[in-house]
Amino acid sequence: MNLSGKVAVVTGGSRGIGRAVCLRLASAGARVVVNYVSRPDAAEETVDAVKAKGGKAHAVKFDIGAASEVQTGFKEIIADLGKINILVNNAGITRDGLVATMKEDDWDTVMAINLKGAYNCIKAACRPMMKQRWGRIVTITSVIGFTGNAGQANYAAAKAGLIGLTKSVARELASRGVTANGVAPGYIETEMTDGLNEKIRDKILSEIPMGMFGKVEDVAGAVAFLCSEEARYITGQVIHVNGGMLMA
């Protein structure tokens, strides 16, 4: 998968899945823009990791939940690098709680980042992509967006919304050479799963046919494929990376 000459923006690219995606796209030759909002140290660590492997990357700060910041950030990227070929909507947060007791602010904050944030970035990236008649938009959704999960109504709703957003954008941009797809991870080894107690881990593993958590590299590989020319005839789809947890 050769992405030489491509410019890729990865939101929330400083840690976890986002960091793995940055490393994978850079290894294929893309120049990677690592977006962050609150951890400049982690973003620079990702940039250094990319450069250590011979890749090209730099970090750019903007809050994807703020439309004005996104527009400014993308304009600066285009001014500096000349184009944006790939957008990976990865940034997301959780504010878990049962619906009966969930604070309205927790609902609104998750929607603002996880769903509206992706919309803000797609809106900023789609015009440049349409003008160059080539683009790849890959959005990280979740198995939870398909199955739901007690205590995560806000997260599940946002992730399900990303699927509808992806399919709609795919229809709008297909004639301009721009594809839009999703990747839905299951349970992946990250800081979140590291914090689970043994009982919960065992319960989750019992629901995964492969009997193990995925790795961030598994998700990054699917993203890289969808960004490549090999996936040029794939749009409006979601690739599930969950060890068989969901078989649609």
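Residues numbered from 1 in each chain as written. Predicted model: local features only at pLDDT ≥ 70, side-chain atom pairs only at ≥ 80, totals over all residues. Heavy atoms only, no water.

### Focus on the packing of helix α4 (residues 104–132) against helix α6 (residues 153–173)
Turning to step 1, where the next piece is worked out: At their nearest, the axes of α4 and α6 sit 9 Å apart, and the two run at 15° to each other. Considering the angle they form, α4 stands roughly parallel to α6. The interaxial crossing formed by α4 with α6 has right-handed handedness. When α4 is examined against α6, the residues Asp106, Trp107, Val110, Met111, Asn114, Leu115, Ala118, Tyr119, Ile122, Cys126 and Met130 are found in contact with a partner set consisting of Ala153, Asn154, Tyr155, Ala157, Ala158, Lys159, Gly161, Leu162, Leu165, Val169 and Leu173.
Turning to step 2, where the next piece is worked out: Looking at side-chain class alone, the contact of α4 with α6 contains 17 nonpolar, three polar and two charged residues. (Axes fitted to C-alpha atoms, helices over the stretch in contact; angles between N-to-C directions. Helix = DSSP H or I, 4+ residues; strand = E, 2+ residues; numbered from the N terminus. Parallel < 35°, antiparallel > 145°, perpendicular 65-115°, else oblique. Left-handed = near helix turned anticlockwise from the far one by under 90°. Contact = heavy atoms within 4.5 Å. Nonpolar A, V, L, I, M, F, W, Y, C, P; charged D, E, K, R; others polar.)

### Here we look at unusual backbone geometry
Turning to step 1, where the next piece is worked out: Phi at Arg133 is positive, roughly 55°, even though this residue is not glycine.
Turning to step 2, where the next piece is worked out: By the element assignment, Arg133 lies in the loop between α4 and β5 (135–140).

### Some points on the pattern of salt bridges
Turning to step 1, where the next piece is worked out: If you walk through the whole model with that rule in mind, you get four salt bridges.
Turning to step 2, where the next piece is worked out: Asp41 serves as the salt-bridge partner of Arg39, at 3.1 Å between the closest nitrogen and oxygen.
Turning to step 3, where the next piece is worked out: Residues Arg136 and Glu229 are paired through a salt bridge, measuring 3.6 Å at the closest nitrogen-oxygen approach. Pair noted here: Arg136 is in strand β5 and Glu229 is in the loop between α9 (216–227) and β7 (238–241), with a separation of 93 residues, a long-range link.
Turning to step 4, where the next piece is worked out: Under the relative-accessibility criterion, Arg136 is labelled buried at 2%.
Turning to step 5, where the next piece is worked out: Classification of Glu229 by relative accessible area gives partly exposed; the value is 42%. (Salt bridge = Lys/Arg side-chain N within 4 Å of Asp/Glu carboxyl O. Buried < 20%, exposed > 50% of the residue type's maximum accessible area, 1.4 Å probe, protein only.)

### Digging into the packing of aromatic side chains
Turning to step 1, where the next piece is worked out: Here the structure, examined in full by the defined rule, presents two aromatic pairs.
Turning to step 2, where the next piece is worked out: Ring centres of Phe62 and Phe74 lie 5.7 Å apart, and the angle between their planes is 55°; this geometry places the pair in the tilted category. Of the two residues, Phe62 sits in the loop between β3 (56–61) and α3 (67–81) while Phe74 sits in helix α3, which places them 12 residues apart along the sequence. Grouping residues by exposure puts Phe62 and Phe74 together as buried.
Turning to step 3, where the next piece is worked out: On the numbers, 6.3 Å between centres and 45° between planes, the contact of Tyr187 with Phe213 is tilted. Pair noted here: Tyr187 is in the loop between β6 (178–185) and α7 (191–194) and Phe213 is in the loop between α8 (198–206) and α9, with a separation of 26 residues, a long-range link.
Turning to step 4, where the next piece is worked out: A cation over a ring is seen here: Lys6 above Trp134, with NZ or CZ 3.9 Å from the ring centre. (Phe/Tyr/Trp six-rings, centres within 6.5 Å; stacked < 30°, edge-to-face > 60°. Lys NZ or Arg CZ within 6 Å of the ring centre and 35° of its normal.)

### Points about α6
Turning to step 1, where the next piece is worked out: End to end, α6 covers 30 Å across 21 residues, agreeing with the expected 30 Å (1.5 Å per residue, within 8%).
Turning to step 2, where the next piece is worked out: Among all positions in α6, only Asn154, Tyr155, Ala156, Ala158, Lys159, Leu162, Ile163, Leu165, Thr166, Val169, Ala170 and Leu173 are buried. (Expected span 1.5 Å × (residues − 1).)

### As for the sheet that holds β6
Turning to step 1, where the next piece is worked out: An order of β3-β2-β1-β4-β5-β6-β7 is seen for the seven strands of this open sheet, with the pairing classed as parallel. At either margin of the open sheet sits one strand with a lone partner, and together these are β3 and β7. Averaged over all pairs of adjacent strands, the angle between their axes in this sheet comes to 20°, without regard to strand direction.
Turning to step 2, where the next piece is worked out: Looking at chain direction, strand β4 (residues 86–89) and β5 are connected through four bridges and run parallel. The partner of Leu87 across the bridge, within β5, is Ile137.
Turning to step 3, where the next piece is worked out: Each of β2 (31–36) and β3 touches helix α2 (residues 40–52); the most contacted strand, β3, lies at about 165° to it. (Pairing = 2+ DSSP bridges.)

### Let's talk about the side chain of Asn90
Turning to step 1, where the next piece is worked out: Positionally, Asn90 belongs in the loop between β4 and α4.
Turning to step 2, where the next piece is worked out: Given a relative accessible area of 12%, Asn90 falls into the buried group.
Turning to step 3, where the next piece is worked out: A polar side-chain atom of Asn90 sits 2.9 Å from the main-chain carbonyl oxygen of Gly12.
Turning to step 4, where the next piece is worked out: Ignoring anything within four residues of it in the chain, the contact list for Asn90 reads Thr11, Gly12, Ile17, Gly18 and Ile140. (Polar contact = N/O pair within 3.5 Å; in protein donor to acceptor, adjacent residues only side chain to side chain.)

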